[in-house]
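# Examination of the molecular architecture
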Amino acid sequence: MARNLIAQVDLSAIRHNYQLARAQAPQARAVAIIKADAYGHGAIQVARSLESEADAFGVAAIEEALELRDAGITRPVLLLEGFFETEELPLIQQHKLWTALHSIEQLEKLEAYLERHPDSRGLHVWLKIDSGMHRLGIEPALAAGALQRLQALPAVEKLVVMSHFACADEPQRPHTERQLQQIDKAVAGHSVDLSLCNSAGVMHWPQAHQQWLRPGIMLYGASPFTEPQTVASRLRPGMTLTTEIIAVRDVQAGESVGYGASWVAEKPTRIGTLAVGYADGYSRHAPSGTPVWLNGRRTALAGRVSMDMSTIDLSLHPEAKPGDQVELWGANVTVNEVADWCGTIPYTLLSGLTRRVKRRYTDDQPF
Ligand SMILES: Cc1ncc(COP(=O)(O)O)c(C=O)c1O
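In the nomenclature of an unreviewed UniProt entry, the protein chain is known as Alanine racemase of Nitrincola iocasae. We quote the UniProt Pathway (unreviewed entry) comment for the protein chain here in full: "Amino-acid biosynthesis; D-alanine biosynthesis; D-alanine from L-alanine: step 1/1." As its UniProt record puts it under Catalytic activity (unreviewed entry), the protein chain is described as follows: "L-alanine = D-alanine".

Here it is, written out as C-alpha cells:
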C-alpha cells in the first residue's frame, strides 16, 4: 500500500455536532459552515451527509458554492463574503445562492445590476454589519439606510442582518456584549431576522442566538474555547488523523534526532519514524513533547517535524514496529490539544491538511 496517512472523517459525528448546535437554540435555524473544504473534512461529503437536516450551508465565496452545486447539493448556500465582482450576480441568481452584502460599494453594485435587470427576483441578501470586529461589514450608523435601500428592491425576497463576534470564545471579555449593543442600535425599529453566532456564540451566548446560527468549528468536533466547556465536552471528533511507523531505531544517550539536532536522548531510546510531515499539514510548530496515540497509550514527538516525516519516542512502547498505526489527533489526542502544543488553533490544523492526506469516510447511518 502507498503512504498510509489517513484522515478518517466520521460523518455521523459531524451530524451529531450539527444537531448539538441546533439543540442549543431549538427555535433558530443553522447555516452549517463548510468553507475551506469543510475545514479540511471535504465539503461535498459533509454537505451530502448534512443535506437532509442543514437549513443552509455557508462558504467563503462563489467558487466553493459552485463546487457544491456541481456535486448536486441543492440546499441554500450562503456566500459569507458576498460577491467580489458584479459578474457573479447572474450566477448567484442562476444557482439560487444567498449572498452576504458587506459594504456600501457592494450595495451600489447590486443596485446598478438590478437597474439593468429589473425583472430579477428571489434574492436572499445577508446584510453584514460591522459591530466591532472591524474586518467586514457596514458601519452600524449606515445600517438603517442600507436596509431601506435593500427593502426597496423588488428583487430582494429575503433580508437577514448578520454580524460576527471577535471574542465570543473568550467569555470573560466585554467585547461580545458591546457588539450586541451595537447590533441592537443598528437594527432598532426594523423587524429583520438576525444571524450573529459562530460556534462560540452558539455554545456560550444564548442571548445572541436569534433566528440564524452559523456553527463552523464545532461541527468538526473541535472547541473554539481554550478552557473546558460544557457543550464542547459533548462534541464528537469529526476527524481522526492517523499514520504509521515506517522505521524504528535505537539511539544512544547523547545522540540527537532530526533537523537541527534539537532533541537529544538523555538515555538509550528507541525512536519511531512516522509518515507525516509539514507538507501534509502536520504543523512544523508541533514541538518535541506533542502527544500522539500508539497501541492504546500516549507517547510524544521527539525531534522536529520535517517535510514528510516526524519522529516519536518509543521508550514506553518496546513492542512498537513498522506498520503500527499512530493517531496524530482524534478521540485520544484531541486536535485542540495538538493545536495548544503548536501555539495555534484547531482551525489551522484541520483546514491546513493538504491533498497528500487521503480522506476516508465513515457513517453509521449511510444513506
Ligand atoms: C462569517 C462567519 N460566520 C461563521 C463562521 C464559523 O465560525 P466558527 O468556525 O468559529 O464556528 C465563520 C468562520 O470563520 C465566519 O467567518
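## Focus: the packing of aromatic side chains
For the coordinates displayed, the defined rule picks out 6 aromatic pairs. Their ring planes at 25° and their centres at 6.0 Å tell us that W98 and W126 sit as a pair that is stacked. You can see W98 sitting in strand β5 (residues 97–101) and its partner W126 sitting in strand β6 (residues 123–128), a full 28 residues away along the chain. The pair W98 / W126 is uniform in exposure class, with both members buried. Judged by centre distance (6.3 Å) and plane angle (25°), the rings of Y282 and W329 are stacked. Of this pair, Y282 sits in the loop between β13 (269–274) and β14 (291–294) while W329 sits in strand β17 (residues 325–329), and the two are 47 residues apart along the sequence. As far as the burial class goes, Y282 and W329 line up, both buried. Grouped by ring-pair contacts, the aromatic residues Y39, Y220 and Y347 constitute a single cluster.

## Examining the UniProt feature "binding site: substrate" (unreviewed entry) in the protein chain
The sites that UniProt annotates as "binding site: substrate" (unreviewed entry) are R135 and M307. Judged by maximum C-alpha separation, these annotated positions cover 173 residues in sequence and are scattered in space, the widest gap reaching 33.6 Å. By secondary structure assignment, the location of R135 is in the loop between β6 and α7 (140–151). Relative accessible area serves as the criterion here: at 55%, R135 is assigned to the exposed category. Tracing the sequence through the fold places M307 in the loop between β15 (297–300) and β16 (310–313). In this structure M307 comes out as partly exposed when scored by relative accessible area, which is 43%. Apart from residues lying up to four places away in sequence, M307 is in contact with G277, Y278, A279, D280 and R356.

## Let's talk about the domain arrangement of the protein chain
According to the domain assignment, the protein chain contains domain 1 (11–222) and domain 2 (239–362). Between domain 1 and domain 2, the C-alpha centre-to-centre distance is 37 Å. Taken together, the contacts link 11 residues of domain 1 with 10 residues of domain 2. Around 930 Å² of area is buried between domain 1 and domain 2 when both sides are counted, 63% of it from carbon and sulfur atoms.

## Some remarks on the pattern of salt bridges
In this structure the tally under the stated criterion is 14 salt bridges. Of the charged contacts, one joins R236 and D10 as a salt bridge, the two residues approaching to 3.6 Å between their closest N and O atoms. Note that R236 is positioned in the loop between β9 (212–213) and β10 (239–251) and D10 in strand β1 (residues 6–10), a separation of 226 residues in sequence. We classify D10 as partly exposed; its relative accessible area is 23%. As a salt-bridge pair, R356 and D280 come within 2.9 Å of each other at their nearest N and O atoms. In this pair, R356 sits in the loop between α11 (346–351) and β18 (358–362) while D280 sits in the loop between β13 and β14, placing the two residues 76 residues apart along the sequence. For R356, a relative accessible area of 36% corresponds to the partly exposed category. Several salt bridges share partner residues, and in doing so they unite R3, D280, D308 and R356 into one network.

## Looking at the site of the ligand
Close to the ligand lie 14 residues; K35, Y39, S199, I217 and Y347 are nearest. Here an oxygen atom of the ligand sits 2.8 Å away from a polar atom, N or O, in the main chain of I217. With the chains in place, 91% of the 390 Å² that the ligand exposes on its own is no longer accessible.

What counts, and where the lines are drawn
- Residues numbered from 1 in each chain as written.
- Predicted model: local features only at pLDDT ≥ 70, side-chain atom pairs only at ≥ 80, totals over all residues.
- Heavy atoms only, no water.
- UniProt positions renumbered as here; feature names shortened; annotations may be inferred.
- Phe/Tyr/Trp six-rings, centres within 6.5 Å; stacked < 30°, edge-to-face > 60°.
- Helix = DSSP H or I, 4+ residues; strand = E, 2+ residues; numbered from the N terminus.
- Buried < 20%, exposed > 50% of the residue type's maximum accessible area, 1.4 Å probe, protein only.
- Contact = heavy atoms within 4.5 Å.
- Domains from an automatic or database assignment.
- Buried area = accessible area lost by both parts, 1.4 Å probe.
- Salt bridge = Lys/Arg side-chain N within 4 Å of Asp/Glu carboxyl O.
- Near = heavy atom within 4 Å.
- Polar contact = N/O pair within 3.5 Å; in protein donor to acceptor, adjacent residues only side chain to side chain.
- Areas by Shrake-Rupley, 256 points an atom, 1.4 Å probe, with all protein chains shown as cover.

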